[in-house]
Structures are given as C-alpha cells and as structure tokens.
Amino acid sequence: MSMTPRQKARVSQGIQIGVFALAILLVVFLANWPLIIDSFFRFDKIGGMFPAVILTGLKNTLFYTLTSFAFGLVLGLVLALMKTASFAPYRWLATAYIEFFRGIPAILVLLAFGLGMPLAFGTTWPQWVNVTVALGLSSAAYIAETLRAGLQAVPKGQMEAARSLGMPHWRAMVTIVIPQAFKIVLPPLTNEFILLTKDTSLAYILGMMITQYELTSFGRNGITEYGAGMTPLIVAGALYLVVTLPLSFLARWFEKRSAQVSRPQRAKKLTATTTKEA
Amino acid sequence: MTQSVRQAAAAGVRISDLRKSYGDNEVLKGIDLEVSPGEVVCLIGPSGSGKSTLLRCINLLEQPNGGAIEVGGYAVTDPDVDVDQMRTKVGMVFQQFNLFPHLTVLGNCTVAQTKVLKRAKAEAERTALSELEAVGLGHLAHRYPGELSGGQQQRVAIARALAMNPSLMLFDEPTSALDPETVGDVLAIMRKLAQAGMTMVVVTHEMGFAKEVADKVVFMDGGVVVEQGVAAEVIGNPQQARTKDFLRRVLDPNHVVVEED
C-alpha cells in the first residue's frame with residue numbers, strides 16, 4: 001500500500017495537527033482552572049492600579065526606553081564609526097567595547113551603576129540616569145554592530161564620489177553615507193528599540209521610588225497589594241504589547257518599503273503590467 | 001556650452017615617475033605623462049594595465065607610493081596639500097555613476113556646491129539647472145536617480161561634476177556600464193565639453209571616440225606607458241607590438257588570436 005506524495009503530505013499534516021490538538025486538550029483538562037482564574041485573571045480586584053499604571057508605569061517605561069535608546073544610538077554610532085575607521089587602535093577599542101558589553105547581562109551593568117557608582121564616587125544622581133546610562137551602554141554594543149553593517153552596506157563608490165567633489169571625510173559621512181546607512185538599518189534598529197523596551201523591566205532591581213516605577217515594578221508591586229494574585233503582571237504584559245506590537249508592524253513596514261525603494265524601476269514596471277492586466 | 005568652462009581656467013597635469021603598489025603587486029611602474037591645459041587625453045589599454053589606477057591617483061582617490069603629480073601648478077602629491085580644496089577643481093565621472101540615491105537629481109548637483117563651496121542655495125540651484133540643461137536633463141531635476149536610465153544617470157553625474165566649475169575633468173570608463181543605445185548621448189556631451197576647451201583625462205574602450213576627440217592617446221600595459229602620441233597616429237598606425245595586438249583585439253572582436261604560450 002504505497003501512498004502518492006500528496007497523500008503522504010496530508011497524513012503528515014494530519015499527524016501534526018493531531019499532536020497540537022492533543023497538547024492543547026491536555027492543558028485544558030489537566031489545568032486547575034478555578035485556581036488559574038483566581039491567580040491570573042481577577043481583573044475585578046485591580047481597579048486600584050489605574051490610572052497610575054499607565055500615567056506612571058507606562059510613562060516611565062517609555063521614558064527609560066527613549067533616553068537609553070538615544071544614549072545607545074549616539075554611542076553606538078561613535079562605536080560603529082570607530083569600528084569602520086582606518087586607524088587600527090580605534091577598531092580595537094570599539095571591538096573590545098562591543099565584545100565586553102555583548103558578553104555580560106544588562107542586569108549586571110544596571111546593578112554596577114545603580115549600586116556601585118554611589119559607593120565608588122559618592123554620587124547620588126537620580127535613578128533614571130543610572131537606568132539610562134546602564135541600558136544605553138549595554139544596547140550601544142548591539143546598535144553599533146547594526147550600524148556597522150549598515151555603513152558597510154553603502155557602496156564604496158558613494159564615499160568616493162563625495163570625496164571627489166571635495167567633501168572632507170566627516171562631511172561625506174554625515175551628508176552622504178550615514179543617511180543611506182540609516183535607511184538600511186531602520187528595520188533592525190526598530191527591533192533593537194523593542195528589545196530595549198523590554199529590558200527597561202530590569203530597572204525594578206534597583207528598588208526605586210514609586211514615582212519612578214516602570215511597568216514591571218508596577219506588576220510586581222501589585223501582586224502583594226490587591227489580592228488578585230498575578231493579575232497585575234498580566235496587565236503589565238498587556239501594556240508592553242501595546243508598545244511593542246505597533247513597533248513590530250512598523251519595522252515590517254519599513255522593511256517592505258526599503259525593499260521597494262531599492263528597486264524602483266522594477267516596482268514601477270510591475271505595477272504597469274498589473275494595471276494593464278486589470 | 002557650459003558656464004564652468006567659461007569661468008574656470010583649464011588646468012594642465014604633469015605626472016612624473018608615478019608609482020603605486022598594492023602589497024607586492026606594483027600596478028604603476030613609473031609613469032610620466034603631461035597634459036596641457038585644454039587638452040583631451042585618452043588612456044587605453046587592456047584591463048589590469050593600471051589606467052584606472054593612474055586616473056584615480058590624479059585626484060588622490062588612490063595614494064601613490066612614489067613620484068609627483070601637479071595639477072594646474074598645484075603639487076597634488078605634496079603631503080601638506082589641501083586635498084579637499086584640490087578636488088573641488090578636479091571633477092570625476094565614474095563607471096558606476098555613483099549618484100547619491102537619497103538625493104534628487106538637483107540635490108546631487110547642489111550638495112557639494114552648498115556644503116563645500118558654501119554657495120547660497122539659490123545660486124547653487126541656478127548653476128545646477130544650467131548644467132542639467134546643458135546635458136539635456138533639466139526636466140528631470142526633481143526625480144531620484146533610481147528613476148533614471150543608466151545613460152541619464154551618467155549625464156547627471158557629468159552635470160554634478162561640472163557644477164563645481166572644475167579646471168580638469170577625469171572620466172573613468174564613463175560608458176562601460178551603459179546600454180549600447182545610451183553610449184552615444186554620453187559621448188556627445190563629452191565631445192561638446194572637449195570642444196569647449198575643458199582639460200580631460202579619459203579612461204575608455206571607445207576607440208572611435210578616442211580617435212575623433214582626443215588630442216593625445218596613451219596606451220598602457222602592465223603598469224607602464226607603452227606608447228603615446230597623436231590620437232590618429234597611435235590608433236591608426238601603432239608602432240609597438242603590444243599596441244598593435246591590443247588594437248587588433250579591440251577593433252575586430254571576431255579576430256581570434258591563438259595564444260602562443
């Protein structure tokens with residue numbers, strides 16, 4: 001009894017769906033639903049979280065993300081330029097930095113700054129500065145690698161043409177190469193931003209004042225406060241998605257658009273033929 | 001035809017004992033070349049002969065390892081020379097056009113004028129438009145390079161270089177990347193530029209153009225100048241065996257040469 005390829009494909013698809021269905025059924029039947037609902041979905045009890053979780057929590061999450069991203073972007077650009085520089089010591093320094101900060105968890109950098117700096121230098125700058133600098137230092141390493149790839153993706157002839165018109169190296173970089181590189185790295189840079197949004201949750205470890213709470217701190221705090229079990233964490237998670245999902249769509253849109261921009265002539269021809277057919 | 005030629009005095013080039021190596025590979029083995037102001041010189045030769053490298057040394061896109069270059073009495077190879085200042089006087093046109101894809105055609109032709117020469121925006125646009133008109137592309141000023149054909153892009157590249165009012169123009173195989181039917185447009189513009197008195201150094205495989213337009217043709221092979229002289233002489237009546245062999249291959253592509261080694 002031999003099967004045709006089509007039958008074989010159907011059988012294997014059927015088996016896959018069966019396994020998934022079985023797994024879901026097992027979870028549905030074996031789980032203790034009353035307890036799960038009582039621990040995770042008591043939305044009736046957490047009215048007290050609002051509006052602070054949005055006005056303070058979401059606001060602080062966005063604030064920490066934006067400041068550390070801005071810091072990371074500037075430092076990352078400097079590192080990317082160093083990494084593509086012709087002066088070898090610049091390249092070594094940038095490589096050392098990138099390998100170091102990519103190799104250690106962001107949470108250690110955060111602890112080093114939040115707890116270490118006051119001890120070492122007696123400084124008492126505001127907590128958000130610690131978060132910005134620590135997460136910025138850490139994300140700069142990733143951003144630098146992304147930007148370096150973008151800079152190297154700009155054809156060499158662009159720099160040569162700019163230099164042949166009398167532009168100094170820095171001017172050619174600023175006016176010709178970097179704008180093109182940014183267009184190329186917009187999608188991966190958006191992903192970097194999303195990662196950073198989630199990494200701001202690490203700030204809870206510094207034990208901050210309530211006005212400095214970001215979403216995760218609000219969630220954790222809510223566990224003991226409302227008697228609604230883990231429901232506050234669900235709220236925090238949903239609010240992260242409110243930020244990150246639109247960004248994901250934005251990244252995909254950038255990606256699609258840049259794919260079109262790089263082949264304008266073909267894109268035009270395609271639309272021309274489609275309209276003819278239609 | 002163009003403002004630039006009227007405004008800037010054509011400059012000559014003097015190259016002596018120019019050497020360039022990449023690692024152990026010596027690409028230019030002591031080149032001597034003189035280009036008088038207003039003269040058109042075509043560099044011809046097989047690929048790998050060093051003609052593009054020679055051209056790129058003139059505006060220091062390649063750093064020579066030895067020898068001297070003077071452009072308009074300006075010692076280009078002097079370590080203290082202001083390279084960027086020198087390059088504003090030396091226009092360059094590339095095989096791959098190298099237009100800036102994120103700027104419009106007009107933006108391509110004004111960016112260096114405003115950022116380097118510090119011209120006012122209105123003046124820069126006026127100059128750019130008159131150069132674009134001269135290459136027949138004034139109507140495309142607000143398009144992006146990606147929307148143009150190869151031949152149009154190369155004409156924009158020429159206008160971009162001329163908008164800087166250079167005293168010398170370098171062309172690095174300007175028609176090699178073009179579709180055959182657009183080659184003529186670009187050559188016509190170069191011919192007009194030559195007639196207007198621009199000093200031009202052109203790396204090319206277009207023997208017809210070289211014969212008709214060039215005052216002097218330089219044949220290079222293996223990093224040395226094998227033969228140079230009046231265009232009609234070098235192309236019509238070459239003296240050296242290597243020149244003869246090269247021209248036979250180029251002018252008659254169907255001619256099959258049996259390699260002896």
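Please refer to the structure placed before this passage.
The sections below set out a description of the structure shown in this document. Since the model is a prediction, treat every value here as computed from it, not as a measurement. (Residues numbered from 1 in each chain as written. Chains lettered and ligands numbered in written order. Predicted model: local features only at pLDDT ≥ 70, side-chain atom pairs only at ≥ 80, totals over all residues. Heavy atoms only, no water.)

## Structural notes on the overall build of chain A
Convention followed: To qualify as a helix, a DSSP run of H or I must reach at least 4 residues; to qualify as a strand, a run of E must reach at least 2; elements of each kind are numbered from the N terminus. In this description the radius of gyration comes from C-alpha coordinates, and the expected globular size is given by 2.2 Å times residues to the power 0.38. Contacts between residues were defined by any pair of non-hydrogen atoms, one from each residue, lying within 4.5 Å. The positive count covers Lys and Arg only, the negative count covers Asp and Glu only, and His and the chain ends enter neither. Lys charges are placed at NZ, Arg charges at CZ, Asp charges at CG and Glu charges at CD.
The secondary structure content of chain A amounts to 11 helices and 0 strands. Of the regular secondary structure in chain A, the N- to C-terminal order runs α-α-α-α-α-α-α-α-α-α-α. Relative to the globule expectation of 19 Å for 278 residues, the C-alpha radius of gyration of chain A, 25 Å, shows a markedly less compact shape. In chain A, the proportion of contacts linking residues at least 24 apart, taken out of those at least 6 apart, comes to 77%. Taking the 24 positively charged and 11 negatively charged side chains of chain A as two groups, their mean positions are separated by 13 Å.

## Focus on the interface of chain B and chain A
Let me state the cut-off plainly: Buried area is a sum: the accessible area each of two parts loses on coming together, probed at 1.4 Å, counted once for each and added. Only one rule defines a salt bridge in this text: a Lys or Arg side-chain nitrogen within 4 Å of an Asp or Glu carboxyl oxygen.
Taken together, the contact pairs 26 residues of chain B with 20 residues of chain A. In total, chain B and chain A occlude about 1900 Å² of area from one another, counting both sides; carbon and sulfur atoms represent 59% of this. For the chain B face of the interface with chain A, the top three residues by lost area are D84, F100 and H102 of chain B, together amounting to 28%. Applying the counting rule to chain B against chain A returns 2 salt bridges.

## Description of the sheet that holds strand 7 (residues 168-172) of chain B
Residue and element names in this part refer to chain B. Note the threshold: Two strands are counted as paired when DSSP detects at least two bridges linking them. With axes taken as lines fitted to C-alpha atoms, and helix axes fitted only over the stretch in contact, angles between N-to-C directions fall between 0 and 180 degrees.
The strand order across the open sheet built from 6 strands is 6-7-8-3-9-10, with neighbouring strands paired in mixed fashion. Both edges of this open sheet fall to strand 6 (90-93) and strand 10 (224-230), since each of them pairs with a single strand only. Across this sheet, the average inter-strand angle for adjacent strands is 15°, counted without regard to direction. Across 5 bridges, strand 7 lies against strand 8 (residues 199-203) in parallel orientation. Looking across to strand 8, one finds that F171 is bridged to V202. Sitting on the sheet, helix 2 (residues 51-58) is in contact with strand 3 (40-44), strand 6, strand 7, strand 8 and strand 9 (216-221), with an inclination near 150° to strand 7. Relative to the sheet, helix 6 (residues 150-162) contacts strand 6 and strand 7, its axis offset from that of strand 6 by approximately 170°.

## Comments concerning the nonpolar core
Generally speaking, nonpolar side chains in soluble globular proteins are found buried as a group. Residue and element names in this part refer to chain B. Cut-off, in case you're wondering: For our purposes a nonpolar core is just a set of buried Ala, Val, Leu, Ile, Met, Phe, Trp, Tyr and Cys residues, chained together by side-chain atoms within 4.5 Å. Partly exposed residues are those whose accessible area sits between 20% and 50% of the maximum for their type, while under 20% is buried and over 50% is exposed, using a 1.4 Å probe and protein chains only.
Of all hydrophobic cores here, the largest spans 94 residues; its most connected members are L54 and V71. Setting aside residues no more than four positions away along its own chain, V71 makes contact with A11, G12, V13, I58, V76, V90 and L168. Listed in part, the 48 residues of the second largest apolar core include L148, L187, F209 and V226.

## Let's talk about the pairing of strand 7 of chain B
Residue and element names in this part refer to chain B. The criterion, for reference: When the strands point away from the viewer, a crossover counts as right-handed if the path from the first strand over the helix to the second runs clockwise.
Along strand 7, 5 of the 5 residues are buried, which leaves the element largely enclosed by surrounding structure. Pairing geometry for strand 6 and strand 7, over 4 bridges, is parallel. The partner of G91 across the bridge, within strand 7, is M169. With helix 7 (residues 180-195) bridging strand 7 and its parallel neighbour strand 8, the resulting β-α-β unit is right-handed.

## What to know about the packing of helix 7 (residues 156-164) of chain A against helix 8 (residues 169-199) of chain A
Residues and elements named next belong to chain A. Our working definition: An angle counts as roughly parallel when it lies under 35 degrees, as roughly antiparallel when it exceeds 145, as roughly perpendicular when it falls between 65 and 115, and as oblique in every other case. If you view the pair so one helix is near and one far, a crossing is left-handed when the near helix is turned anticlockwise from the far one by less than a right angle, and right-handed when it is turned clockwise.
Interaxial distance between helix 7 and helix 8 falls to 9 Å at its minimum, and their mutual angle equals 140°. What the angle tells us is that helix 7 and helix 8 run oblique. Judged by the twist between their axes, the crossing of helix 7 over helix 8 is right-handed. Residues Q158, M159, A162 and R163 of helix 7 form the contact with helix 8, whose participating residues are H169, A172, M173, I176, V177 and Q180.

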